[in-house]
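# Residue-level structural notes
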Amino acid sequence: MAENLKRLVSNEALRTLQEKLDSWLKEYNTNTCDQNLNHCLELIEQVAKVQGQLFGILTTAAQEGGRNDGVETIKSRLLPWLEASFTAASMGKPVDSKVPSLQDTFDRERRKDPSRRDRDAQQLDANLNSTWSQLNQVQDDLAETEKNLEETKNRSAISLLAAEEEINQLKKQLKSLQAQEDARHRNTDHRSSEKRRGEPRSSEQRRSEQRSSIKRNADQRDTEATSDYEKQLRNLKEEIAVLSAEKSGLQGRCSRSRSPSPAPRSRSRSASPSTAVKVRSPSPNRSKLSSVARKAALLSRFSDSYSQARLDAQCLLRRCIDKAETVQRIIYIATVEAFHVAKMAFRHFKIRVRKSLTPSYAGSNDFENAVSDYVVCHLDLYDSQSSVNDVIRAMNVNPKISFPPVVDFCLLSDFIQEICCIAFAMQALEPPLDIAYGADGEVFNDCKYRRSYDSDFTAPLVLYHVWPALMENDCVIMKGEAVTKRGAFVRWPCIVTIHPKCLIHKCLEVGVLLQ
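What counts, and at which threshold
Residues numbered from 1 in each chain as written. Predicted model: local features only at pLDDT ≥ 70, side-chain atom pairs only at ≥ 80, totals over all residues. Heavy atoms only, no water. Patch = residues over 30% accessible without salt bridge, like charges linked within 9 Å, V, L, I, M, F, W, Y side chains within 5 Å. Areas by Shrake-Rupley, 256 points an atom, 1.4 Å probe, with all protein chains shown as cover. Salt bridge = Lys/Arg side-chain N within 4 Å of Asp/Glu carboxyl O. Helix = DSSP H or I, 4+ residues; strand = E, 2+ residues; numbered from the N terminus. Buried < 20%, exposed > 50% of the residue type's maximum accessible area, 1.4 Å probe, protein only. Phe/Tyr/Trp six-rings, centres within 6.5 Å; stacked < 30°, edge-to-face > 60°. Pairing = 2+ DSSP bridges. Axes fitted to C-alpha atoms, helices over the stretch in contact; angles between N-to-C directions. Contact = heavy atoms within 4.5 Å.

By the naming in an unreviewed UniProt entry, the protein is Mitochondria-eating protein, taken from Sapajus apella.

Turning next to a nonpolar patch on the surface. Judged by side-chain polarity, Leu128, Trp132 and Leu135 come together as a nonpolar surface patch covering roughly 310 Å² of accessible area. Looking at where Leu135 falls in the secondary structure, it is placed in helix α5 (residues 102-198). Given a relative accessible area of 39%, Leu135 falls into the partly exposed group.

The final tally for this structure, using the stated rule, is 8 aromatic pairs. Here Trp24 and Tyr28 contribute two aromatic rings whose centre-to-centre distance is 5.9 Å and whose plane-to-plane angle is 70°, an arrangement assigned as edge-to-face. Judged by relative accessible area, Trp24 falls into the buried class, the value being 17%. Arranged with centres 5.4 Å apart and planes meeting at 45°, the rings of Phe302 and Trp467 form a pair that is tilted. Taken together, the residues span a long stretch of sequence, with Phe302 in helix α10 (residues 291-318) and Trp467 in strand β3 (residues 462-467) at a distance of 165 residues.

What follows deals with the sheet that holds strand β6 (residues 480-484). Taken together, 3 strands build an open sheet; the order of strands is β2-β6-β3 and the sheet is mixed. For this open sheet the edge positions go to β2 (449-451) and β3, each flanked by a neighbour on one side alone. Pairs of neighbouring strands in the sheet enclose a mean axial angle of 35°, with direction left out of account. Relative to β6, β2 runs parallel, the two being bridged by 3 bridges. Its bridge partner lying in β6, Arg450 is registered against Glu481. The strands touched by α10 are β2, β3 and β6; relative to β3, the strand with the most contacts, the crossing angle is about 105°. Contacts between helix α11 (residues 324-357) and the sheet are confined to β3 and β6, with β3 contributing the most and set at about 60° to the helix.

This is the structure we're talking about:
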């Protein structure tokens, strides 16, 4: 910009302009019209060159001021003058004294600027004050949050210490009870030995009493054995009738599916039970070879039941029950009862298979392998609907979920059927898979269960179970889920009224286990 200004000063255009004006004034009256026009156009061209240089200097100066500097000056002085000048030129009127000059416009804008600056300053002060107030509020919130966090940490530490102390007290109480029980047993044994030493020995009388007691016990055992044999005989007859019906149906299906001609059908009907069993039995040790694959498939189905089927069952129950705890208890009890009923059905099925294969494998060393292979290849013979009915009957007499009745458990038929099929197939594995026993109020075992999201993570006791853990012998294959709360062991009363049907069901279970 300085170079352009020096160039303009050294050019001396303004001085020559003044000289030309003076000479034109002296010669104006003597010149012709063309000469006056030529002089005027020369002056206009010279003024335009000077204006172009000045506008170039103005542009350079404005660029040096940056993006915001000089804007007010251009708006207050240049733009009003240009507007007035171009307006007068476009209308063909000369610029008179009424048109405000640049200096007048600048003075007027400068008089207006203090009030505007005051308003802008006040607005900036107000914004600054609001920003400071917001900053102070954020600092106060941060301090309060830090204080709450510290209090939460302290409460967590205190609750953790309380839980550890409670666990230690429970362990001490358990040890003291075990010591008392051992001491009581020792005292009882000592007293009985002293009593035997102090009694007078009359050998004849003792022998006669022993003989009479032996006779009574033998008679009682004979009567009991006779009644047991009669019961077993009735059960065997019923099972023989069922097996014969199943055998006839299977032979009919085999003959219809394998041979369309009448001759093979007559041969299949006249076949013996042993030959019918051998036709459908697979190669030896097939169950052991496919045990790993079947185990993986069953674990996947059990996991899908937890992640999908359980949630679908919860959605069905939540339409009738508002309390989430009751819904989860119902599903857990349904799963436990399904495993129990499926195990009972598997025992009955295996007993029938043993009885049917005994004539064919009499005196053979591969009897157990044949039984296992037959069971594995004929899992589709399992009557899952009957097991579903048994599970629903057991749930109807369960005091935790059925008194008073809140929902019809037939809604869970599909879920119960899937769990029964999985549990029945798990019993055919080597070794079989089973669920872990869980009781309300027990000490939480981190190896078997994981806590649900709404649990008290510092509580040592289980309030109720959501899903059972899957076990292989004593090893945990898949963790279950449980809800832990403080004071869970006093949640349910200790005395529960047992329904007569439930008592009969347990007695039948004990009878099957003894067989």
